[in-house]
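# Structural characterization, general
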Amino acid sequence: MISIRQADVSDSDAIARVLRASIRDLCVADHRGDPSVLARWLANKTPDVVESWIRNPDDVILAADHAGDLVCVGGVALRGEVLLNYVSPDFRFRGASRAMLVHMEGVLRTHGVKVATLISTGTAHRFYLANGWIDSDRSESKFGVTDFTMVKSL
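Residues numbered from 1 in each chain as written. Predicted model: local features only at pLDDT ≥ 70, side-chain atom pairs only at ≥ 80, totals over all residues. Heavy atoms only, no water.

The next thing to look at is the overall build of the protein chain. Scanning the protein chain from terminus to terminus reveals 6 helices and 7 strands. In sequence order, the protein chain lays out its α and β elements as β-α-α-α-α-β-β-β-α-β-α-β-β. Scaling as 2.2 N^0.38, a compact globule of 154 residues should have a C-alpha radius of gyration of about 15 Å, and the protein chain matches this with 14 Å. C-alpha extents for the protein chain along the principal axes are approximately 40 × 35 × 30 Å. By the burial criterion, 47% of the 154 residues in the protein chain qualify as buried. When the accessible surface of the protein chain is totalled, it reaches about 7800 Å², and 52% of it is carbon and sulfur. Charge-centre separation for the protein chain: the mean point of 18 positive side chains lies 4 Å from the mean point of 19 negative side chains. (Helix = DSSP H or I, 4+ residues; strand = E, 2+ residues; numbered from the N terminus. Rg over C-alpha atoms; globule rule 2.2 N^0.38 Å. Buried < 20%, exposed > 50% of the residue type's maximum accessible area, 1.4 Å probe, protein only. Areas by Shrake-Rupley, 256 points an atom, 1.4 Å probe, with all protein chains shown as cover. Lys, Arg positive; Asp, Glu negative; His and termini not counted. Charge placed at Lys NZ, Arg CZ, Asp CG, Glu CD.)

Every buried residue belonging to helix H3 (residues 35–42) is among Val37, Leu38, Trp41 and Leu42, and all of these are buried. Looking straight down H3, one finds that the buried residues subtend no more than 120° of arc, so they occupy a single side. Against the buried residues of H3 lie helix H1 (12–26), helix H2 (28–31), strand S4 (81–87) and strand S5 (115–121). (Arc of directions from axis to C-beta. Contact = heavy atoms within 4.5 Å.)

An ideal rise of 1.5 Å per residue puts 21 Å on 15 residues; H1 measures up with 20 Å between its terminal C-alpha atoms. For H1, the full list of buried residues reads Ser12, Ala14, Ile15, Ala16, Val18, Leu19, Ala21, Ser22, Ile23 and Leu26. (Expected span 1.5 Å × (residues − 1).)

Where H1 contacts helix H4 (residues 47–55), the two axes come as close as 8 Å, and the packing angle between them is 110°. Taken together, H1 and H4 sit at an angle that is classed as roughly perpendicular. For the pair H1 and H4, the sense of crossing is right-handed. Residues Ser12, Asp13, Ile15, Ala16 and Leu19 of H1 touch H4, and the partners they reach there are Pro47, Val50, Glu51, Trp53 and Ile54. (Axes fitted to C-alpha atoms, helices over the stretch in contact; angles between N-to-C directions. Parallel < 35°, antiparallel > 145°, perpendicular 65-115°, else oblique. Left-handed = near helix turned anticlockwise from the far one by under 90°.)

The next thing to look at is the pairing of S5. In terms of strand pairing, S4 meets S5 through 2 bridges, oriented parallel. Paired with Val82 across the strands is Leu118, a residue of S5. Taken together, S4, helix H5 (residues 96–110) and S5 form a β-α-β motif whose crossover is right-handed. Two elements, S5 and strand S7 (residues 146–153), share 7 bridges in a ladder whose sense is antiparallel. Its bridge partner lying in S7, Ala116 is registered against Lys152. (Pairing = 2+ DSSP bridges. Right-handed = clockwise from strand over helix to strand, strands pointing away.)

Turning our eyes to something else, we now look at the packing of aromatic side chains. Taken as a whole, this structure holds 2 aromatic pairs when the rule is applied. Seen from their ring centres, Phe127 and Tyr128 are 5.0 Å apart, and the 70° between their planes marks the pair as edge-to-face. Take Tyr128: its relative accessible area is 6%, and that puts it in the buried class. Ring plane angle 75° and centroid distance 6.3 Å describe the contact between Tyr128 and Trp133, whose orientation is recorded as edge-to-face. Of the two residues, Tyr128 and Trp133, neither departs from the other in class, the shared state being buried. Taken together, Phe127, Tyr128 and Trp133 form an aromatic cluster joined through their ring pairs. (Phe/Tyr/Trp six-rings, centres within 6.5 Å; stacked < 30°, edge-to-face > 60°.)

So far we have only geometry, and geometry alone does not tell us how the molecule works.
Now the structure itself:
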């Protein structure tokens with residue numbers, strides 16, 4: 001069973017590991033194995049940066065646990081944006097990302113958000129479409145990866 005909770009600074013190392021592994025192993029279609037793109041994308045996925053995200057009162061960083069392991073990471077900006085939804089490669093297609101997304105949408109609703117936004121990778125784009133998100137426009141990210149800006153009425 002997956003349990004989702006607010007992350008604590010003691011989770012920073014495990015969260016950084018999940019983020020880095022997910023990007024490196026699951027988002028190959030996005031970074032295309034280009035070392036410079038991957039380096040830019042991973043540059044801020046360090047324990048110190050993750051700790052700063054957890055301490056930011058304007059954001060909520062979440063951890064999904066299964067059998068004592070951190071298997072998925074989510075994050076929302078309380079202004080109405082999904083910031084993160086990354087799953088451990090070992091836990092892909094087992095419902096963690098969907099459970100995290102539903103939980104994050106609930107957090108945003110609780111904070112009065114009526115319309116949320118997110119920026120999806122190409123890898124996750126179909127996942128978000130299947131979960132009620134719609135394309136807003138298309139943009140190129142700072143990492144050199146094609147992104148999809150998406151919205152959803154909550």
